[in-house]
Structure formats: structure tokens, C-alpha cells
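This is what each chain is made of:
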Amino acid sequence: MNDSPKFPKFGPGQHLISVDQFDKENLREFFTMAQALRPIAERKQICTVLDGAVLCSLFFEPSTRTRLSFESAFLRLGGEVETTTGFTFSSMAKGESIADTSRVVSGYTDVLVVRHPDAGSVAEFAQHSVVPVLNAGDGSGEHPSQALLDVFTMEAEMEKKGRTIDGCTIAVMGDLKYGRTVHSLMKLMSLYDNVTFQLYAPPSLELPHYVSEYATQSGSRVIECSHQIEALSGSDIVYATRVQRERMTEEIAKSKELQGCLLNRAMLEEANALDIIICHPLPRDSRPDSFDLATDVDDLPGLSIFRQTDNGVLVRMAMFLTTMGVSMDIVAAKTKAKPWKVTD
């Protein structure tokens, strides 16, 4: 991620590869657009503003939420979707390069969404594409759309408490080495003032130095904690991440340090944090001893993990409209009430 080429500020006609492409001004404009799209995202209104536009969705890693969320967002705006998943069903299995794949596929579409297991790979797709490319996750590098929906959700949850993200403390826990969502989240939150990160990771899965350095140089405080209770104490938000076992050796993946529970109700009680805002990028590994977020927190009022997934659709709708240069005035002109009714 730190060696990727730099891309311009995110806007019309631009790729979205990294959260580096946002500053305070365009992040606020982006979130304002996303919020205005909520009636369409929630299927209260029908929009056809992207009628005739084609999205190509290239996912070379497994995905449920991210792929379906991007595709649902495009369909809700009236566009059409072409999709392929995995290397097996791609010409890359025949040895085709990223450069050739990108140039060919981008000629069939108006915008590309790409997920790939190698850090920096989506930036390479962007360099050879003739249409905008949106990064849906590149290995252990970045996941900008996830960070956008995470911060959008955190803003909304803090607002319910009469607070803002400025001055907040966030506990970041779990696999901080391979968890690309954490890397993008910390970079994006560095746009806010006086943010404190309290980090907890098991041995060998600590946050890469360049991520913490980015945060501190941007004015945030980064505190490394020796256990979960220390990270939770005094925090307004906790961001828990699963262990990315697919990105590590079998020996490390099966080590004792990665057994048990990352975060449960008892830990929140001990830290006097039962009212904390709980976020998780999902998927959550709910199997016993998976070292993830326990299900015994699911009835707590601060649990926000499913509001995050809901917000993913409207945030990704805003990504498409931004890169395709569609204003909200045009969206309004192409929006109407839905003609069906399923529930009140």
C-alpha cells in the first residue's frame, strides 16, 4: 500500500484506489451525497440515472458483502452488471497479465470494481484501464470503500450520543497486520482532529509501522496495548477484525495465541464499556475459538455491524455517482416513488 502510485483527489473520471485521495472537504461532500441517497438505497425510491451504464465486477478473492453491495448499488441506480469471480473463470488462469486483462475488460464497461489478493494489484489495474477503477480490496493493502462506510457509520453512531469523531478514542483490535480494513480506516480517520487509537493485536499480527506512522504524522495518537481490556478502557468505539488466516502460514494460523475470543461481553463489562459503539467489517467467524467478536454482544445497543453493511450500499452508490460525474440534481430528476409495496 505504501509503495503504490499516487492518484488524484477522488472526483469525476477518477479511480478510487486509496483513502489518500480524500481530504476533509471532499470527504464531507461525499458523505453528504451518500446520506442523500438513503431513500434509494433503502428501496423507498427508484432511480434510473445510470440507465444504459455497465459495471464490470472483477473479484479474484471470495466476497459476499463487498461484491453484492457494489453490484446492488449500481443496480439501484439503474445500471447493468457483468461479473466474474475467482481466477478459475478468468483468462488470468491462462497466464494473462493484469495489464492485458485490465485493458481488455475495461473496453467492455463504463466502470470497473476490482478485488485481488495482491497488495498494489488494483492500482496496476487502474494504470491500464480506459475507465475508472474502484478498489474493492487488494490483499493486505487497502479497502477504501470499507473505510468510507465504517467512518460514515461511526459518524452517525457518535451523533446519536451528541458527539463527533473529533476527539474520540477508538479501540482497534484483532489482526492489524493483514487486516486491510484497519489500514484504510486509520488513514481516513486521520482527517479528523485529536483522534486516539488504542491498538491490541496478538503477537506477529501487529499493525505495520507505516500505518501507525501515517496516523501519528497526521496528528493522531497511537497507543499500543498489551491486552483487550486496556484497549477498551476509555474508548468510545471498538473496531474488531477477524484473523486473516488465509494470508498467513498454517503454523501461525493454528497457534494458541489465535484461539479463544477476541472480544466478548465479559471483556466489555470488565472495561466498563457495555455502551461502547461496536464495529466490525465482517465476515465474523462465529465458530468456537475463532478469535473473533463473540455473538453474546449482539443485544447491546452499540452494536453497529449490521448498520455498517446497510450503509455500504449508499456509500458505494455515492462512489459510482462521483466517479461517473453525476450530480444530485440529475439523480433527483431520474428518481420516483417505488410502484410496489411489500411491507410498511
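Position labels on residues start from 1 in each chain and follow its written sequence. Predicted model: local features are reported for residues with pLDDT of at least 70 only, side-chain atom pairs are reported and counted for 80 or more only, and whole-chain, interface and lining totals are derived from all residues. Hydrogens and waters are ignored; side-chain quantities use all the structure's heavy atoms.

Colleague: Would you mind showing me how to read the layout of surface pockets here?
Modeller: Think of a ball as big as a water molecule: rolled over the atoms, this probe shows where empty space is left. Approximately 610 Å³ is the volume found for the largest pocket. Put simply, the grid is 1 Å and covers the protein atoms alone, a cavity is a trapped set of points that fit a 1.4 Å probe, a pocket is an open set with protein on both sides within 12 Å along at least five of seven lines, and lining residues have an atom within 4 Å of a point. What lines the largest pocket is a set of 31 residues, and nearest its centre among them are Arg 65, Thr 66, Arg 115, Leu 282 and Pro 283. Runs of H or I in DSSP of at least four residues are treated as helices and runs of E of at least two as strands, each being numbered from the N terminus. Per element, the largest residue contribution to the lining of the largest pocket is six residues, and it comes from helix α3 (residues 65-76). By the convention adopted, Pro, Cys, Tyr, Trp, Phe, Met, Ile, Leu, Val and Ala count as nonpolar, Lys, Arg, Asp and Glu as charged, and the other residues, Gly among them, as polar. Tallied by class, residues from the lining of the largest pocket come to seven nonpolar, 15 polar and nine charged. Grid points are joined across faces, edges and corners, and a volume is the space filled by probe spheres set on the points. By volume, the second largest pocket is sized at about 340 Å³.

Colleague: Help me understand helix α1 (residues 24-36), please; the structure alone is not making it clear to me.
Modeller: Spacing of three or four residues puts side chains on the same side of an α-helix, whose turn is 3.6 residues. In this model α1 runs 19 Å from its N-terminal to its C-terminal C-alpha over 13 residues, within 8% of the 18 Å that 1.5 Å per residue would give. Within α1, burial applies to Asn 26, Leu 27, Phe 30, Phe 31, Met 33 and Ala 34. Along α1, the residues classed as buried sweep out an arc of 160° about the axis, all on the same side. Exposed and oriented more than 90 degrees from the buried face of α1 are Glu 25 and Thr 32. Multiplying one less than the number of residues by 1.5 Å gives the expected span of a helix. Relative accessibility thresholds used throughout: buried, under 20% of the residue-type maximum; exposed, over 50%; partly exposed, between the two (1.4 Å probe, protein chains only). Working definition: the arc comes from the directions between the helix axis and the C-beta atoms, pointing outward to the latter.

Colleague: When you look at the sheet that holds strand β9 (residues 237-241) in this model, what are you seeing that I'm missing?
Modeller: The pairing of strands in a sheet comes from backbone hydrogen bonds and takes either a parallel or an antiparallel form. In this analysis, strands are considered paired if DSSP registers two or more bridges between them. Here five strands make up an open sheet; going across it, the order is β8-β7-β6-β9-β10 and the pairing parallel. With partners counted over all chains shown, the strands left at the sheet margins are β8 (221-224) and β10 (277-279), one partner each. Looking at each pair of strands side by side, their axes are set apart by 20° on average, direction ignored. Here strand β6 (residues 169-174) pairs with β9 via five bridges, running parallel. Within the sheet, the bridge partner assigned to Ile 170 lies in β9 and is Ile 237. Across the sheet, helix α7 (residues 180-189) touches β6, β7 (196-200), β8 and β9, and the angle it forms with β9 is around 155°. Axis geometry follows a simple rule: fit a line to the C-alpha atoms, using only the stretch in contact for helices, then measure angles between N-to-C directions, giving values from 0 to 180 degrees. By definition, residues are in contact when any of their heavy atoms lie within 4.5 Å.

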